[in-house]
Amino acid sequence: MNWITNYVRPRINSIFSRRETPDNLWTKCDECGTMLFHREMAENLNVCTQCGHHMHITPRDRFMALFDGGVFVEVKVPEPVADPLQFRDSKKYPDRMKAAQKKTNEAEAMLVAEGEMGRTPIIAAAQDFSFMGGSMGMYVGNAIIAAAERAVELKRPLVLFSAAGGARMQEGILSLMQMPRTTVAVQMLKEAGLPYIVVLTHPTTGGVTASYAMLGDVHISEPNALICFAGPRVIAQTIGEKLPEGFQRAEYLLDHGMLDRVTKRTEMKEELVTITRMLMGLPPAVRGDLPAPEKVEKAEAKADASKAEAPDEAEGKK
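Described in the following lines is the structure provided in the data block. (Residues numbered from 1 in each chain as written. Predicted model: local features only at pLDDT ≥ 70, side-chain atom pairs only at ≥ 80, totals over all residues. Heavy atoms only, no water.)

### A short note on the overall build of the protein
Note the cut-off: Labels follow the DSSP assignment, with helices taken as runs of H or I lasting at least four residues and strands as runs of E lasting at least two, numbered in each case from the N terminus. Partly exposed describes any residue whose relative accessible area lies between the buried limit of under 20% and the exposed limit of over 50%, with all areas from a 1.4 Å probe on protein chains only and scaled to the type maximum. A 1.4 Å probe and the Shrake-Rupley method give the accessible areas. Residues count as covered only by the protein chains that appear here.
Along the protein, the regular secondary structure elements total eleven helices and nine strands. In the protein, which comprises 318 residues, the proportion classed as buried is 38%. Of the roughly 18,900 Å² of accessible surface on the protein, 55% is carried by carbon and sulfur atoms.

### Digging into the pattern of salt bridges
Our working definition: One side-chain nitrogen of Lys or Arg within 4 Å of one carboxyl oxygen of Asp or Glu is enough to make a salt bridge.
Summed over the entire model, instances satisfying the criterion amount to eleven salt bridges. The salt bridge involving R60 is made with E106; its shortest N-O contact spans 2.8 Å. Taken together, the residues R60 in helix α3 (residues 59–66) and E106 in the loop between α4 (93–104) and β4 (110–117) connect sequence positions 46 residues apart. Take R60: its relative accessible area is 28%, and that puts it in the partly exposed class. Of the residues examined, E106 reaches a relative accessible area of 16% and is grouped as buried. Where salt bridges share partners, they join R60, E74 and E106 into one cluster.

### Considerations on the pairing of strand β6 (residues 158–164)
Stated precisely, the cut-off is as follows: Seen with the strands pointing away from the viewer, any crossover whose path from the first strand over the helix to the second strand runs clockwise is right-handed. Should DSSP find at least two bridges between two strands, the strands are regarded as paired.
Counting buried residues along β6, seven of its seven residues qualify, which places the element largely inside the surrounding structure. Residues of β6 alternate between two faces, with L158, L160, S162 and A164 on one and V159, F161 and A163 on the opposite face, all of them buried. Chirality of the crossover, the property in question, places the unit of strand β5 (residues 120–127), helix α5 (residues 138–154) and β6 among those that are right-handed. With six bridges joining them, β6 and strand β7 (residues 196–204) adopt parallel strand pairing. Residue pairing for β7: L160 is matched across the bridge by V198.

### Some points on the pairing of β7
In terms of residue burial, β7 counts as a mostly covered element, since eight of its nine residues are buried. In the sheet, β7 pairs with strand β8 (residues 218–221) via four bridges, with the strands oriented parallel. Bridge assignment links V198 to a residue of β8, and that residue is H219.

### Notes on α4
Operational definition: Helix span, as expected, comes to 1.5 Å for every residue beyond the first. To obtain the arc, one takes the directions from the helix axis to the C-beta atoms.
Counted at 1.5 Å a residue, the expected span for α4 with its twelve residues is 16 Å, and the 17 Å between its end C-alpha atoms agrees. Listed as buried for α4 are Y93, M97, A100 and T104. What you see down the axis of α4 is that its buried residues fit within an arc of 65 degrees, all on one side. Along α4, exposed side chains directed more than 90 degrees from the buried face belong to K98 and K102. N105, located one to two residues past α4, shows a positive phi value of around 60 degrees.

### Examining helix α10 (residues 268–279)
Across its twelve residues, α10 extends 16 Å between first and last C-alpha, which sits within 8% of the 16 Å expected from 1.5 Å per residue. Listing the buried residues of α10 in full gives M268, E271, L272, V273, I275, T276 and R277. Backbone geometry just downstream of α10 places G281 in the positive-phi region, at approximately 70 degrees.

### Things to note about the sheet that holds strand β9 (residues 261–262)
Our working definition: The contact criterion used is simple: two residues touch if any of their non-hydrogen atoms lie within 4.5 Å. Geometry is summarised by axes, namely lines fitted to C-alpha atoms with helices restricted to the contacting stretch, and by angles between N-to-C directions that run from 0 to 180 degrees.
Read across the sheet, seven strands follow the order β3-β4-β5-β6-β7-β8-β9 without closing on themselves; strand pairing throughout is mixed. Strand pairing shows two members of the sheet lacking a second neighbour, β3 (73–74) and β9, which therefore form its edges. Those strands touched by α3 are β3, β4, β5, β6 and β7, and its axis lies near 160 degrees from that of β5. Most of the contacts of α5 go to β4, to which it runs at about 20 degrees, and overall it touches β4, β5 and β6.

In structure tokens:
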């Protein structure tokens, strides 16, 4: 047995061989270019710790941060007819759907859930821009209707997070019909006297902005989110003029009266809890847990007993 070949050489190779580093440990900020460690990113809800830039976050991760303890139950959404127009461009519509489902691990572009947010029962819906641009198809329309019906049934407020590039062209006129359908769903909430709060995230554009995204009782936006019907590039080319700085961004819209608040993602839950409880006529949220009454009584009795024993010990020493 050659001990150099069988022991020494493998040992040296193991020490000096390059270890492969996973590709998903670091993320580069789109705004400032800072490399951010994945745990740091997750803890800060995909907000850059250097410049505060808000990057994409999935609906599931958003709900984990929104609901108490990350606990929520998904609301079932009726499945629409698959590929009703037999649409095909460079790819078939079903193939695009399969690719988006594989990429996101989600069935469609919107997730609906119920749970408690700051001990306030709510229904929440969120769009996923990474699923075909969060485009509004029949499923998204069904999801908003299902969320509104569930909110009316349980008498809970509805909080919706919008993120979309507009209607889904593969569904043609059927996609555009979701604008009046979702408007009727929002009207159901208003007739039931239930709050409808919209959080507009980057980007919210097209027919989504022209329907359910701008029909809320309160409109909140994440910083620097693009919110518009037609984009600034299209408008600039149409009118042939240079647009103002920050045109159609959240801060610009807040200054011009189209939004109520611009709130950081890391502060969004606290903001939503305060607004929701105010609109529902509930007392302010509990910020901490008090000990159970029995434990308080036992602690007080123990404190009284120790005070009573203290003078006796002092007399014994004298």
